[in-house]
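Chain by chain, the residues:
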Amino acid sequence: MNPVDIRVAPREPWYKYGVAVLLFEMAVAIAVSGYSLYMTFNGLGGFPGKH
Amino acid sequence: MRGHRVEQLGIATVGFFWCFLMWFSTAAFSPSIAATYHLTIKDLGLLASSAIWMTPAGRIFAGWASDRYGAPRTFAAILAGCGLVSIASSFTTNYELLFVERVVVAIAGVSFVVGVQHVAQWFDAHEIGTAEGLYAGTGNVGAGAGALLLPRIFGTDYQSAFLWLGMIALVVAAWYLWRGSAAKTMERRDVVRRGGDLRGMVFVWTRYIAIALMLAYAMSFGLEIALNAWLPGYFARGFHDEILALGFTGVAGVQVAAGTFAAVASFNASLFRPFAGFMSDLFQRKGWTPLPFIAKELPYAPRLHWLGIALILIMLSMIGLSVAGLYGFLPWSIAVLVALGIFVSFGTGGTFALVPLLFPDRPGIAAGFIGGISTVGGIAYPLIFASSVNGHVGYLHVALYMFAPFILFYFWAARYERHPQEHGLLGRILAGLSSAPKPS
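What you are looking at is a predicted structure, and each value in this text was computed from that prediction instead of being measured.

Caption draft 1: Inspection of the overall build of chain A at higher detail. In terms of regular secondary structure, chain A is built from 1 helix and 0 strands. Counting the 51 residues in chain A, one finds 31% classified as buried.

Caption draft 2: Summary view of the packing of aromatic side chains. Scanning the entire structure with this criterion turns up 43 aromatic pairs over all chains. Ring geometry for Trp14 of chain A and Tyr15 of chain A: centres 5.4 Å apart, planes at 70°, overall edge-to-face. Each member of the pair, Trp14 of chain A together with Tyr15 of chain A, is buried. Summarising the aromatic geometry, the rings of Phe272 of chain B and Phe275 of chain B are spaced 6.1 Å apart at their centres and angled 85° between planes, so their arrangement reads as edge-to-face. Across the pair, Phe275 of chain B and Phe272 of chain B agree in class, each one buried. Members of the aromatic cluster, connected to one another through ring pairs, are Trp14 and Tyr15 of chain A together with Phe123, Phe272, Phe275, Phe278, Phe283, Trp288, Trp306, Phe343 and Phe346 of chain B. The ring of Phe123 of chain B has Arg5 of chain B sitting right over it, with the charged end atom 5.8 Å from the ring centre. Taking the ring centre of Trp230 of chain B as reference, the NZ or CZ of Arg237 of chain B above it sits at 5.5 Å.

Caption draft 3: Quick look at the interface of chain A and chain B. Facing 32 residues of chain A, the contacting portion of chain B comprises 43 residues. Across the chain A/chain B interface, buried area totals approximately 3400 Å², and carbon plus sulfur atoms make up 72% of it. For the pair chain A and chain B, the number of links is 0 salt bridges. Between the two partners, chain A and chain B, sit 6 residue pairs in polar contact (both at pLDDT 80 or more). When the residues that make up the side of chain A that touches chain B are grouped by side-chain class, the tally is 20 nonpolar, 8 polar and 4 charged.

Caption draft 4: Structural detail: the packing of helix α5 (residues 55-69) of chain B against helix α6 (residues 71-90) of chain B. Residue and element names in this part refer to chain B. Interhelical geometry of α5 versus α6 gives an angle of 135° and a closest axis separation of 7 Å. Here α6 runs oblique to α5, going by the angle between their axes. Here Ala62, Ala65, Ser66 and Tyr69 of α5 lie close against α6, whose contacting residues are Ala71, Arg73, Thr74 and Ile78. Grouping the amino acids of the contact of α5 with α6 by side-chain chemistry returns 5 nonpolar, 2 polar and 1 charged.

Caption draft 5: Local environment of a nonpolar patch on the surface. Together, Phe41 of chain A together with Val323, Tyr327, Phe329 and Trp332 of chain B make up an exposed nonpolar region whose accessible area comes to about 560 Å². Position of Val323 of chain B relative to the elements: it lies in helix α17 (residues 301-327).

Caption draft 6: Fine view of the pattern of salt bridges. Residue and element names in this part refer to chain B. Applying the stated rule across the entire model yields 6 salt bridges over all chains. Of the charged contacts in the structure, one is a salt bridge between Arg5 and Glu127, with a shortest N-O distance of 2.2 Å. Of this pair, Arg5 sits in helix α1 (residues 5-23) while Glu127 sits in the loop between α8 (111-120) and α9 (128-154); the two residues are 122 residues apart in sequence, bridging distant segments of the chain. By relative accessible area, Glu127 is classed as buried at 1%. A network of salt bridges, in which partner residues are shared, links Asp124, Lys184 and Arg188.

Caption draft 7: The arrangement of the nonpolar core in detail. Residues and elements named next belong to chain B. In this structure, Ile33, Tyr135, Leu223, Leu231, Phe235, Phe403 and Tyr410 are the most contacted members of the largest nonpolar core, which totals 160 residues. When residues of this core are assigned to their parent elements, the largest contribution, 19 residues, is made by helix α13 (residues 208-238). When residues of this core are sorted by domain, at least three fall in each of domain 1 (1-195) and domain 2 (197-440). Setting aside residues up to four positions removed in sequence, Tyr135 forms contacts with Leu9, Ala12, Thr13, Phe16, Phe75, Ser111, Phe112, Gly115, Val116 and Val119.

Caption draft 8: Unusual backbone geometry, seen in detail. All names here are of chain B. In this model, His38 sits at a positive phi of 55°, which is unusual for a non-glycine residue. The phi torsion at Phe293 lies on the positive side, around 75°, for a residue other than glycine. The topology assignment puts Phe293 in the loop between α16 (273-286) and α17. Taking the relative accessible area as the measure of exposure, Phe293 reaches 67% and is therefore exposed.

Caption draft 9: Structural view of the side chain of Thr55 of chain B. All names here are of chain B. With respect to the element layout, Thr55 can be found in helix α5. Residue class for Thr55 comes out buried when judged on its relative accessible area of 1%. Excluding anything up to four places from it in sequence, Thr55 contacts Trp23, Val110, Gly372 and Thr375.

Quick notes on the rules
Residues numbered from 1 in each chain as written. Chains lettered and ligands numbered in written order. Predicted model: local features only at pLDDT ≥ 70, side-chain atom pairs only at ≥ 80, totals over all residues. Heavy atoms only, no water. Helix = DSSP H or I, 4+ residues; strand = E, 2+ residues; numbered from the N terminus. Buried < 20%, exposed > 50% of the residue type's maximum accessible area, 1.4 Å probe, protein only. Phe/Tyr/Trp six-rings, centres within 6.5 Å; stacked < 30°, edge-to-face > 60°. Lys NZ or Arg CZ within 6 Å of the ring centre and 35° of its normal. Contact = heavy atoms within 4.5 Å. Buried area = accessible area lost by both parts, 1.4 Å probe. Salt bridge = Lys/Arg side-chain N within 4 Å of Asp/Glu carboxyl O. Polar contact = N/O pair within 3.5 Å; in protein donor to acceptor, adjacent residues only side chain to side chain. Nonpolar A, V, L, I, M, F, W, Y, C, P; charged D, E, K, R; others polar. Axes fitted to C-alpha atoms, helices over the stretch in contact; angles between N-to-C directions. Parallel < 35°, antiparallel > 145°, perpendicular 65-115°, else oblique. Patch = residues over 30% accessible without salt bridge, like charges linked within 9 Å, V, L, I, M, F, W, Y side chains within 5 Å. Areas by Shrake-Rupley, 256 points an atom, 1.4 Å probe, with all protein chains shown as cover. Core = buried A, V, L, I, M, F, W, Y, C linked by side-chain atoms within 4.5 Å. Domains from an automatic or database assignment.

Taken by themselves, the reported measurements are silent on function.
What follows is the structure, encoded as structure tokens:
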């Protein structure tokens with residue numbers, strides 16, 4: 001492992017794209033969580049597959 | 001060495017995604033298989049559990065092999081082997097033979113530790129958390145994608161699905177061999193190859209910090225796979241009346257509701273994992289060390305603190321899940337489950353942001369030990385949940401009687417201010433094997 005001092009090491013160019021991907025994945029997780037929470041109050045009402 | 005680090009990260013992530021897809025593809029088609037072969041509930045349970053039978057021992061072996069022979073060869077061998085057996089299983093008409101073939105295909109799940117080793121060989125200390133998080137988190141989505149997409153694409157035709165999964169696995173294997181490169185530099189590759197012997201394996205297995213990380217991963221990933229198997233049944237039984245009150249009717253309706261609620265934990269645990277690695281990098285960059293007892297001077301001390309926080313949060317949210325269940329308020333239970341899934345990702349991402357830094361000369365062996373043994377949690381926790389008299393208090397029992405001691409052990413093992421890898425069992429016999437980075 002490179003013993004570079006992380007507190008002053010510049011971020012690599014790929015890093016910003018990595019952060020963009022992780023933000024997208026977080027958004028998907030939040031959307032799924034929101035949908036499940038919605039379901040606990042309203043059932044499936046209005047969503048595909050209505051039960 | 002040829003290649004670029006982002007390309008290597010991409011190859012490892014695609015390979016792992018496809019392996020995860022194959023790993024859980026049997027479960028995605030279990031109703032179709034059950035209908036074809038007239039399986040009983042017991043047979044179905046056996047088929048479901050068989051997916052993780054090979055994982056503990058397989059990951060240990062795969063981790064060692066990736067240090068010894070390099071990640072591209074090891075990963076390609078796993079993809080090609082599992083792919084060929086998957087193709088063979090698509091032509092099988094005997095259930096016993098199909099069962100054995102699917103157990104072999106499930107070996108694809110061991111590929112996780114090979115990719116961890118591969119990524120560790122290409123990324124430096126200041127970006128390892130995000131890189132490992134992106135690899136593991138995105139790859140893990142393969143399990144959810146399989147459950148969601150495979151039955152929609154192939155319907156009940158599981159044989160075509162197994163055929164296509166196997167053929168594409170062969171293509172990915174060829175790509176991995178063609179473009180994959182074992183390490184950023186020859187020096188790094190040689191150091192790791194030399195560390196991959198039996199003595200090096202015994203060294204890693206006996207380090208207190210490695211055992212602490214293994215328990216941390218059992219608290220996070222072990223819990224994640226346990227919850228994947230346990231939660232649908234828990235919601236269907238524990239919140240049956242509440243689900244009916246929401247308008248879901250019949251077995252199929254309750255199953256849809258329970259599955260959707262259960263998926264919250266899985267999705268958050270997988271999709272927040274890159275963020276967990278990013279947070280580990282951020283702790284390191286900012287030098288945050290808020291917890292008592294845990295080392296503050298080590299080059300990677302802030303990452304130890306981040307993982308310690310994650311473990312405490314996992315324990316607290318498990319207690320919260322029991323309390324929410326006992327109150328019987330479904331939305332609260334789901335809200336706690338969202339938090340638990342996120343905290344589990346903090347644990348998984350935090351653990352593998354540390355492993356390559358603690359054992360830089362043996363990343364595969366360490367990943368195999370930590371990522372392999374910990375999966376036993378996937379079998380142990382559901383047994384404890386099921387043995388509780390009240391279905392809601394099983395989480396409390398696991399939190400108090402297992403997670404609390406695990407956390408205490410972690411704090412104890414992470415307290416050394418210099419070279420925690422030097423502390424362990426068989427100290428004199430293994431003296432001199434530590435490759436701990438010197439504090440700068």
